[in-house]
Amino acid sequence: MQEPFETTPDENRIVYVKTVDVSDLPSEVQGKIEGLEQLYAVHDSDGQQLALVADRKLAFRLARQNDYAPVPVH
């Protein structure tokens, strides 16, 4: 799943990748996820979630493809 991020030229180009427990997601989202206990969220510097993906490598690749510099959150 890949959707382009909308950006402006003066925007901060750092995004944060963190793990998200599926059990912490809203029930309507949980119902669409099968066989996974964790997902990876990509957030901008204001904390807004930009993407939610199943694979850590995909989260980093998605950020880079959209000219963002991904940083892991521990």
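This report concerns the structure included in the present document. (Residues numbered from 1 in each chain as written. Predicted model: local features only at pLDDT ≥ 70, side-chain atom pairs only at ≥ 80, totals over all residues. Heavy atoms only, no water.)

## Things to note about the pairing of strand 2 (residues 38-43)
Alright, step 1. Burial of strand 2 is extensive: five of the six residues sit out of reach of the surface.
Alright, step 2. In this sheet, strand 3 (residues 49-53) lies alongside strand 2 in antiparallel orientation, the contact comprising four bridges. When the bridges of strand 3 are listed, Val42 appears paired with Ala51.
Alright, step 3. Where strand 2 folds back onto strand 3 in an antiparallel hairpin, the turn is made up of five residues, including Gly47, whose phi is positive at roughly 95 degrees. (Buried < 20%, exposed > 50% of the residue type's maximum accessible area, 1.4 Å probe, protein only. Helix = DSSP H or I, 4+ residues; strand = E, 2+ residues; numbered from the N terminus. Pairing = 2+ DSSP bridges.)

## Points about the nonpolar core
Alright, step 1. Ranked by size, the top nonpolar core spans eleven residues in total: Val15, Val17, Tyr40, Val42, Ala51, Val53, Ala59, Phe60, Leu62, Ala63 and Tyr68.
Alright, step 2. At the level of secondary structure, the elements contributing two or more residues to this core comprise strand 1 (14-21), strand 2, strand 3 and helix 2 (56-65).
Alright, step 3. Examining the composition of this core, we find that four residues originate from one element, helix 2, more than from any other. (Core = buried A, V, L, I, M, F, W, Y, C linked by side-chain atoms within 4.5 Å.)

## Some thoughts on the sheet that holds strand 4 (residues 69-72)
Alright, step 1. Within the open sheet, the four strands sit side by side as 3-2-1-4. Their pairing is mixed. The sheet is open, and its two edges are formed by strand 3 and strand 4, each paired on a single side. Averaged over all adjacent pairs, the angle separating strand axes in this sheet is 30 degrees, with direction ignored.
Alright, step 2. Judged from the four bridges that link them, strand 1 and strand 4 form a sheet pairing that is parallel. Counted as the bridge partner of Val15 is Pro70 from strand 4.
Alright, step 3. Contacting strand 1, strand 2, strand 3 and strand 4, helix 2 runs over the sheet at an angle of about 150 degrees to strand 4. (Axes fitted to C-alpha atoms, helices over the stretch in contact; angles between N-to-C directions. Contact = heavy atoms within 4.5 Å.)

## Description of helix 2
Alright, step 1. Within helix 2 the residues assigned to the buried category are Ala59, Phe60, Leu62 and Ala63. An end-on view of helix 2 places all buried positions within 160 degrees of arc, on one side of the element. Opposite the buried face of helix 2, at more than 90 degrees from it, the exposed residues are Lys57 and Arg64.
Alright, step 2. Looking at the buried positions of helix 2, the neighbouring elements they touch are strand 1, strand 2, strand 3 and strand 4.
Alright, step 3. Looking one or two places after helix 2, you find Asp67, whose phi comes out positive at around 60 degrees. (Arc of directions from axis to C-beta.)

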